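# Commentary on secondary and tertiary structure
Chain by chain, the residues:
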Amino acid sequence: VTWLGDHLGEVLSLAVEHTYLAGMPLILGLLIALPLGWLARRYKALYPILIIGTGLLYTIPSLALFIMLPTLLGTKILDPANVVIAMTIYTVALLVRTVADGLGAVPEAVNQSATAMGYKRGRRFVSVELPLAVPVISAGLRVAAVSNVSIVSVAALIGVQQLGSLFTDGFNRAFMEPIIVGVVACVLLALIFDAVILGLTRMATPWQRAGTAPS
Amino acid sequence: MINRVLAWLTDPAHWQGYDGISRRLVEHLAYSLVAVVIAALIAIPLGLYIGHTGRGRFLVVNIAGAARAIPSLGLLLLAILWLGPKFSGDVAFLAPAGLVLVVLAVPPILSGAYAGVEGVDPDARDAAKGMGMRGTQVLRNVEVPCALPLIMSGIRSASLQVIATATIAAVVGLGGLGRFLIDGLAVRDTPQTVSGAVLVAVLALIVDLILACVQRYVVSRGLTGRYVTVPTLDADGATAPAPALQRSA
């Protein structure tokens, strides 16, 4: 506890770095997964290709991906961009399936009603299908968020500073406190991400609460 | 750089000897296999029991959620510092690292086995009871075969997690393919580091493909619809929802 008191500022700045490295890929990954998931839904033949393809990307262990990316992209090994790109790849891998399945769960009758009311395909997607798919997509996003927070800490091994650096620093000095603080901070950060996504989902799906007015 | 990596990988000298690729590959597979088998021996019976009886559901759901949030690198390093001094020699690294690998492999298998049994069509279960099967017979002859797709995806998830974490375990002196990554980083030997990364990625892909094939052939064709020539009624072609793969390393 005294260790944390002395190093609070350092831990907080690492946590900010960690939030960026885990959070930015969630936004980028969602932006990439939405059109891919839509494509997988729209063209049935693409579904297995996209799901298997992204599934294969997800099997690559994180440390291996962090190390391979600089060679493939020509970036510097210490560049945090490698971590952001790697985490975006994982996020997309998890989300394409969720987005496709979420859009698939929209009742056909709803889609047909929207079409009958004059919605063109693009507008129907944005204002009918996507909002209805939000609960499913949000469930996938929560899984991605929590696993991102955890995986980002591995980047400490390639020297990118974030909460995982507490693990390697603590280990190198045979000192448990920083590691414990780091683990707790990672779990807390994961909980915060989870709570934020849940909150945003509630805001985006007001109809889900319509039936449960306080009695 | 890609040429230098290819040169490193195709140099026969790098494949032989005490720290050659062949030996490291066998080590990596051995650690992973032992960890996944031990985890499966613990998690499958437990998951089946919880799924069959419905007791302790709350436990599974929470363990699976919490396990995803715990960073495996932190857990690994903490285990070595904490448990390492209680052993001597090589065991000081092997035992805590092995323990962490097992601990990380249990939740995905547990939730797969539990969700698989839980998700069995109640009509199928009732029909089995109606035919006079007892609890254990229902479990063995109906629930387990129906749960196999999810049990297998739990095992696949766990294997990925273990292969990834075993790579990281090279930091604490464990063998396996992670050695090339960690040692290469330490001496700034980029071709070695990247070669190690490629080997680990290929290993993970091959193991997952093998398990996917195993899954294809152990799951009853009544469930997968393989060999079925008559189009099924389910126009969507929807299959049982597979739980999302998940890793923390």
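As a reminder, the structure under discussion sits directly above these lines.
First things first, this report covers the structure right here in the doc. Since the model is a prediction, treat every value here as computed from it, not as a measurement. (Residues numbered from 1 in each chain as written. Chains lettered and ligands numbered in written order. Predicted model: local features only at pLDDT ≥ 70, side-chain atom pairs only at ≥ 80, totals over all residues. Heavy atoms only, no water.)

## Here's the deal with the overall build of chain A
- The helix and strand tally for chain A stands at 10 helices and zero strands.
- Starting at the N terminus, the α and β elements of chain A follow one another as α-α-α-α-α-α-α-α-α-α.
- Judged by the C-alpha coordinates and their principal axes, chain A covers about 65 × 55 × 20 Å.
- Burial status across chain A gives 48% buried among its 215 residues. (Helix = DSSP H or I, 4+ residues; strand = E, 2+ residues; numbered from the N terminus. Buried < 20%, exposed > 50% of the residue type's maximum accessible area, 1.4 Å probe, protein only.)

## Quick notes on helix α7 (residues 121-152) of chain A
- Its 32 residues place the ends of α7 of chain A only 38 Å apart at the C-alpha level, less than the 46 Å of an ideal helix rising 1.5 Å per residue.
- Roughly 50° is the biggest bend found in α7 of chain A, and it falls at V134 of chain A, with proline P135 of chain A one to four residues downstream. (Expected span 1.5 Å × (residues − 1). Bend = angle between axes of the 7 residues up to and from the residue.)

## Digging into unusual backbone geometry
- A positive phi is found at A174 of chain A, a non-glycine position, where the angle reads about 50°.
- Secondary-structure assignment places A174 of chain A in the loop between α8 (164-172) and α9 (176-204).
- You can call A174 of chain A exposed: its relative accessible area is 57%.
- The phi dihedral of R188 of chain B falls on the positive side, at around 55°, and the residue is not glycine.
- Checked against the element boundaries, R188 of chain B lands in the loop between α8 (178-186) and α9 (190-218).
- Overall, R188 of chain B belongs to the exposed group, its relative accessible area being 73%.

## Topic: the interface of chain B and chain A
- Between chain B and chain A, the contact holds 43 residues from the first and 40 residues from the second.
- With both chains or domains summed, chain B and chain A bury close to 3,400 Å², and 80% of this area falls on carbon and sulfur atoms.
- Run the count over chain B and chain A and you get zero salt bridges.
- Our count for the chain B to chain A interface comes out at one residue pair in polar contact (both at pLDDT 80 or more).
- Those elements that place two or more of their residues in the side of chain B that touches chain A are α3 (57-69), α4 (72-83), α7 (135-168), α8 and α9 of chain B.
- When residues in the side of chain B that touches chain A are grouped by element, the largest group, 10 residues, is from α9 of chain B.
- In terms of residue class, the side of chain B that touches chain A is made up of 33 nonpolar, six polar and four charged. (Contact = heavy atoms within 4.5 Å. Buried area = accessible area lost by both parts, 1.4 Å probe. Salt bridge = Lys/Arg side-chain N within 4 Å of Asp/Glu carboxyl O. Polar contact = N/O pair within 3.5 Å; in protein donor to acceptor, adjacent residues only side chain to side chain. Nonpolar A, V, L, I, M, F, W, Y, C, P; charged D, E, K, R; others polar.)

## So, the packing of helix α2 (residues 8-42) of chain A against α8 of chain A
Residue and element names in this part refer to chain A.
- Look at α2 against α8: their axes get within 9 Å of each other, and the N-to-C directions meet at 130°. By the angle between their axes, α2 is oblique relative to α8. The residues of α8 that touch α2, namely those facing E10, V11, L14 and H18, are G164, S165 and L166. (Axes fitted to C-alpha atoms, helices over the stretch in contact; angles between N-to-C directions. Parallel < 35°, antiparallel > 145°, perpendicular 65-115°, else oblique.)

## Considering the nonpolar core
- In this structure, L63, F66, V83, I158, L163 and I179 of chain A are the most contacted members of the largest nonpolar core, which totals 128 residues.
- Top element by residues in this core is helix α5 (residues 80-104) of chain A. It accounts for 13 residues.
- Leaving out residues up to four positions away in the same chain, I179 of chain A has contacts with L166, F167, G170 and F171 of chain A together with G74, L77, L78 and L81 of chain B. (Core = buried A, V, L, I, M, F, W, Y, C linked by side-chain atoms within 4.5 Å.)

## Some thoughts on the pattern of salt bridges
- Counting across every chain of the model gives nine salt bridges over all chains.
- Residues R142 of chain A and D194 of chain A are paired through a salt bridge, measuring 2.8 Å at the closest nitrogen-oxygen approach. With R142 of chain A in helix α7 and D194 of chain A in helix α9, the pair connects residues that are 52 residues apart, well separated along the chain.
- The class for R142 of chain A is partly exposed, based on a relative accessible area of 28%.
- Put simply, R23 of chain B and E27 of chain B hold a salt bridge, and the shortest N to O gap is 2.9 Å. Here R23 of chain B and its partner E27 of chain B are both found in helix α2 (residues 21-53), four residues apart, which amounts to about one turn of the helix.
- With relative accessibility at 14%, the residue E27 of chain B sits in the buried group.
- It is possible to trace a salt-bridge network through shared partners that takes in R23, R24 and E27 of chain B.

## Overview of the side chain of T168 of chain A
- Tracing the backbone shows T168 of chain A in helix α8.
- For T168 of chain A, a relative accessible area of 14% corresponds to the buried category.
- Ignoring sequence-local partners within four residues, the contact set of T168 of chain A consists of A156 and L157 of chain A together with L77 of chain B.

## Description of a nonpolar patch on the surface
- Residues Y20, M24, I27, L28 and L31 of chain A make up a contiguous nonpolar surface patch of roughly 450 Å² in combined accessible area.
- Position of I27 of chain A among the secondary structure elements: in helix α2. (Patch = residues over 30% accessible without salt bridge, like charges linked within 9 Å, V, L, I, M, F, W, Y side chains within 5 Å. Areas by Shrake-Rupley, 256 points an atom, 1.4 Å probe, with all protein chains shown as cover.)

## Quick look at the side chain of Q162 of chain A
Residues and elements named next belong to chain A.
- Along the chain, the position of Q162 falls in the loop between α7 and α8.
- At 3.0 Å, the side chain of Q162 forms a polar contact with the backbone oxygen of V160.
- If we ignore the near neighbours within four places in the chain, the residues touching Q162 are L14, E17, H18, L21, V152, S153, A155 and A156.

## Some words on the packing of α4 of chain B against helix α5 (residues 91-118) of chain B
All names here are of chain B.
- Running from N to C, α4 and α5 point in directions that differ by 145°, and their axes come no closer than 9 Å. The interaxial crossing formed by α4 with α5 has right-handed handedness. For the pair α4 and α5, the contacting residues are S72, L75, L76, A79, I80 and L83 in the first and F93, P96, A97, L99, V100, V103 and L104 in the second.
- Considered class by class, the residues forming the contact of α4 with α5 number 12 nonpolar, one polar and no charged. (Left-handed = near helix turned anticlockwise from the far one by under 90°.)

## A short note on the packing of aromatic side chains
- Applying the stated criterion across every chain, the model contains three aromatic pairs over all chains.
- Note on W8 of chain B and F180 of chain B: the rings are 5.5 Å apart at their centroids and 75° apart in plane angle, and the pair reads as edge-to-face. Taken as a pair, W8 of chain B in helix α1 (residues 2-10) and F180 of chain B in helix α8 lie far apart in primary sequence, 172 residues in all.
- By relative accessible area, which is 5% here, F180 of chain B ends up buried.
- The aromatic ring of Y43 of chain A is capped on one face by R42 of chain A, whose charged end is 5.0 Å from the ring centroid. (Phe/Tyr/Trp six-rings, centres within 6.5 Å; stacked < 30°, edge-to-face > 60°. Lys NZ or Arg CZ within 6 Å of the ring centre and 35° of its normal.)

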